[in-house]
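Observations on the three-dimensional arrangement
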Amino acid sequence: QVQLVESGGGLVQPGGSLRLSCAASGSIRTINAMGWYRQASGKQRELVATITSGGTTYYADSVKGRSTISRDNAKNTVDLQMLSLKPEDTAVYSCNANIAQYGSTWFQNFWGQGTQVTVSS
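The sections below set out a description of the structure shown in this document. (Residues numbered from 1 in each chain as written. Predicted model: local features only at pLDDT ≥ 70, side-chain atom pairs only at ≥ 80, totals over all residues. Heavy atoms only, no water.)

Turning our eyes to something else, we now look at the nonpolar core. Judged by nonpolar contacts, the single largest core of 31 residues is most densely connected at Leu4, Trp36, Ile69, Val78, Leu80, Tyr93 and Ile99. Of all the elements in the fold, those that place two or more residues in this core are strand E1 (2-7), strand E3 (18-26), strand E4 (30-39), strand E5 (46-51), strand E8 (77-82), strand E9 (91-100) and strand E11 (115-119). In terms of residue count, the dominant contributor to this core is E9 (five residues). (Core = buried A, V, L, I, M, F, W, Y, C linked by side-chain atoms within 4.5 Å. Buried < 20%, exposed > 50% of the residue type's maximum accessible area, 1.4 Å probe, protein only. Helix = DSSP H or I, 4+ residues; strand = E, 2+ residues; numbered from the N terminus.)

Okay, here's the thing in structure tokens:
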């Protein structure tokens, strides 16, 4: 079994910052890409940022320049630092990881339960 657990969400004032963390645990042989997605109320889920095992990053235009994704391959964790938060950043943020489990040669996508981020004064 594999679990992804997020932390770090909450209420933030516009212009503020936060750091989201996600830890993967369980029967993990190796992790390919890890990333963060978000879904605002009434909208489709969208990609926020991803990072490969080699450290190559990708950011959505909406967060580029004010967000940093990082990971610790030894600890199976991925973090998302967001600055200059805007009300439109309000959403449920979910962690995703592409994982091959022990005894398997193929990769599956696993998701965390999500953490609410609300940007409001």
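Right, let's get into the pairing of E5. In terms of strand pairing, E4 meets E5 through five bridges, oriented antiparallel. Residue pairing for E5: Met34 is matched across the bridge by Ile51. Counting the residues in the hairpin turn of E4 and E5 gives six residues, including Gly42, whose phi is positive at 80°. Sheet topology places E5 next to strand E6 (residues 57-59); three bridges connect them, and they run antiparallel. (Pairing = 2+ DSSP bridges.)

All right, on to the environment of Ser62 then. Within the element layout of this structure, Ser62 appears in the loop between E6 and strand E7 (67-72). Along the backbone, Ser62 and Asp89 are 27 residues apart, and their C-alpha atoms lie at a distance of 8.9 Å. At 3.3 Å, the side chain of Ser62 and the side chain of Arg38 are in polar contact. (Polar contact = N/O pair within 3.5 Å; in protein donor to acceptor, adjacent residues only side chain to side chain.)

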